[in-house]
Amino acid sequence: MPAPQAAMMKQLARLKFSQNNLRVPDGWKQPQGDPDAKHYNDAFAPGEKMTMPDPTVPPLFLPHTSNKYHTDTQKMLTSKIGGFIDGVCDAICQAWSQWQLGASLIGVLINGPIATLGQVVGPPIGPMILGTAPKSTPQLAKYSNAIANTINTAWSAYTATIKVPGLPWYPAFTAFPGPLAPPMPNLPVPVIALTQVTTPVSAATMKPLMIAALGDPKAMYHQQIFDAICDAFEKCFTIWQASTMVTNVMGKGPIPTFAPPVVPAGPVVMGEGSMIPGGFA
C-alpha cells in the first residue's frame, strides 16, 4: 500500500473536529426580556430568521439557531477551517508518499538466514509538508509551520528507532553453494514486524508540541485543529504500519566455510543488506 490516501485522512480529521460540537457564533446568547427579545426579533426580516445551515457531513460547526447571521457564520467557518484541514492533509499525504519513495533501510546485519539491526534513512518530511500546506494568510502559515515542524521531528524520532529484530529474511543464505552470496532481496514483511517505538508519532505526543510550536493561545480553534490532524495522522499511521511492506532489502555476504568438495555450501557470515529506495511499498 502507498502512503495513506488524503481522502481518508481528511475524513478522519473532519470527523474528529466535528466531535467538539462547536456552536457559532462563539459566546452568543438568546436575547431575553423586554425590550431585548423584541429588538432582536424585529431586527431581522422573516426570511432571515429561518435559513438552512451548511449541509457538510460531518458538521464542523453548528449554528446556535437558524438565523441567517448564525448560519452564515457557520458556513464561513466550515469553509475556512474545513479548507485548511483538507489542505494540510493533502500536504501531509503527499510528503509521506515522497518520503516513502526516497527512504531506505541500510546497514542490516546478516548471519545465515537471519537479518538484524539496520537503520532507516530518508528525506526530511517537514519541508515537503510545508511546501504544499496552506499558507494563504499569515495565520494559516503559522498553523502549517507548527504542524509541519512537529511531524518532521516526530517522524525523525520514530524512524530512528526502527530495527530488524532477527527475521528469517534470507533462507537461501542458510547454505549457499559459493564463496560469496550475491545480492538477494529479503522476504517481504509488513513494517509492523520491525522493532520500533511509535510514541513520537502518537496524537498524545504531537498535539501539545504543535500547540507549543504555534505559541499563540488565542489563535482561533488551534487546539481543535491540531487535535483533529494528530488523531487522523495516528490512525493513518496504524494502517500504514500494517499494510506497508518492507521489500528489496538486498542482502549479500561471504561464505567463510565454503571449501569444495569437502564443504560444498555454507552459511553467510557477517553479511549486509541495504534497501533499494522505494522498498517501503
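The shown structure was predicted, so the numbers you read here are calculated from the model rather than taken from an experiment. (Residues numbered from 1 in each chain as written. Predicted model: local features only at pLDDT ≥ 70, side-chain atom pairs only at ≥ 80, totals over all residues. Heavy atoms only, no water.)

## Some remarks on the overall build of the protein
Counting its secondary structure elements, the protein contains eight helices and ten strands. Computed over C-alpha atoms, the radius of gyration of the protein comes to 27 Å, more than 25% over the 19 Å expected from 2.2 N^0.38 for 281 residues, which places it beyond the range of a compact globule. Its C-alpha atoms give the protein principal-axis dimensions of roughly 105 × 30 × 25 Å. A buried classification covers 42% of the 281 residues belonging to the protein. For the protein, long-range pairs separated by at least 24 residues make up 75% of all intrachain contacts whose partners lie at least 6 apart in sequence. Total accessible area on the protein stands at roughly 13100 Å², and carbon and sulfur atoms take up 64% of it. Here the protein contributes 17 positively and 14 negatively charged side chains, and the mean placements of these two sets differ by 4 Å. (Helix = DSSP H or I, 4+ residues; strand = E, 2+ residues; numbered from the N terminus. Rg over C-alpha atoms; globule rule 2.2 N^0.38 Å. Buried < 20%, exposed > 50% of the residue type's maximum accessible area, 1.4 Å probe, protein only. Contact = heavy atoms within 4.5 Å. Areas by Shrake-Rupley, 256 points an atom, 1.4 Å probe, with all protein chains shown as cover. Lys, Arg positive; Asp, Glu negative; His and termini not counted. Charge placed at Lys NZ, Arg CZ, Asp CG, Glu CD.)

## Examining the packing of helix H7 (residues 203-214) against helix H8 (residues 222-243)
As a packed pair, H7 and H8 sit with axes 9 Å apart at the nearest point and diverge in direction by 145°. In terms of crossing hand, the pair formed by H7 and H8 is right-handed. Together, Ala203, Met206, Lys207, Met210, Ile211 and Leu214 of H7 and His222, Gln223, Phe226, Asp227, Cys230, Asp231, Phe233 and Glu234 of H8 make up the contact between the two elements. (Axes fitted to C-alpha atoms, helices over the stretch in contact; angles between N-to-C directions. Left-handed = near helix turned anticlockwise from the far one by under 90°.)

## Considerations on the packing of helix H6 (residues 138-159) against H8
When two helices pack together, their arrangement is given by the angle between their axes and by how far apart the axes lie. Running from N to C, H6 and H8 point in directions that differ by 35°, and their axes come no closer than 12 Å. Crossing angle aside, the handedness with which H6 passes H8 is right-handed. Contacts between H6 and H8 involve Tyr143, Ala146, Ile147, Ile151, Trp155 and Tyr158 from the former and His222, Ile225, Phe226, Ile229, Phe233, Phe237, Trp240 and Gln241 from the latter. A class-by-class count of the residues in the contact of H6 with H8 yields twelve nonpolar, two polar and no charged. (Nonpolar A, V, L, I, M, F, W, Y, C, P; charged D, E, K, R; others polar.)

## Regarding the side chain of aspartate 231
Mapped onto the secondary structure, aspartate 231 falls in helix H8. The buried category is assigned to aspartate 231, whose relative accessible area is 12%. Filtering out sequence-adjacent residues up to four positions away, aspartate 231 remains in contact with Lys16 and Ala203.

## Brief notes about the sheet that holds strand E9 (residues 249-254)
Pairing in this open sheet of six strands is antiparallel, and the strands run E5-E4-E3-E10-E9-E6 from one edge to the other. Single-partner strands in this sheet number two, and they are strand E5 (164-168) and strand E6 (180-184). Shown here is a sheet whose adjacent strand axes are inclined to one another by a mean of 20°, direction ignored. Bridge analysis of strand E4 (residues 114-121) against E5 gives four bridges, and the strand direction is antiparallel. (Pairing = 2+ DSSP bridges.)

## Focus: unusual backbone geometry
Of the consecutive residues valine 24 and proline 25, the connecting peptide bond is found in the cis state with omega at 0°. Note that proline 25 resides in the loop between strand E1 (22-24) and helix H2 (36-42). Note the cis peptide between valine 57 and proline 58, where omega equals -5°. Tracing the backbone through its elements, the reader meets proline 58 in the loop between helix H3 (46-49) and strand E2 (61-63). Of note in the backbone geometry, asparagine 21 takes a positive phi value of approximately 50° without being a glycine. Along the chain, the position of asparagine 21 falls in the loop between helix H1 (6-18) and E1. According to the relative accessible area criterion, asparagine 21 is exposed, its value standing at 52%. Even without glycine at this site, methionine 270 takes up a positive phi of about 55°. By secondary structure assignment, the location of methionine 270 is in the loop between E9 and strand E10 (271-275).

## Focus on the nonpolar core
Ranked by size, the top nonpolar core spans 72 residues in total, and within it Phe17, Leu105, Trp155, Trp169, Phe233 and Val246 carry the most contacts. No other element matches helix H4 (residues 68-102), which puts twelve residues into this core. Each residue touching leucine 105, except ones within four places of it in the same chain, is listed here: Gly118, Gln119, Val120, Val164, Trp169, Val246, Val249, Gly273, Ser274, Met275 and Phe280. (Core = buried A, V, L, I, M, F, W, Y, C linked by side-chain atoms within 4.5 Å.)

## So, the environment of methionine 220
Residue placement: methionine 220 occurs in the loop between H7 and H8. The exposure class assigned to methionine 220 is partly exposed, which follows from its relative accessible area of 35%. When the C-alpha atoms of methionine 220 and isoleucine 81 are compared, they prove to be 9.6 Å apart, with 139 residues separating the residues in sequence.

## Here's the deal with the pairing of strand E3 (residues 104-111)
Here seven bridges tie E3 to E4, and the two strands are oriented antiparallel to one another. In the sheet register, leucine 105 faces E4, and the bridge partner there is valine 120. The turn joining E3 and E4, which pair antiparallel and follow one another in sequence, is formed by two residues; a positive phi near 60° is taken by glycine 112. As paired strands, E3 and E10 are joined by three bridges and run antiparallel to one another. Paired with valine 108 across the two strands is glycine 273, which belongs to E10.

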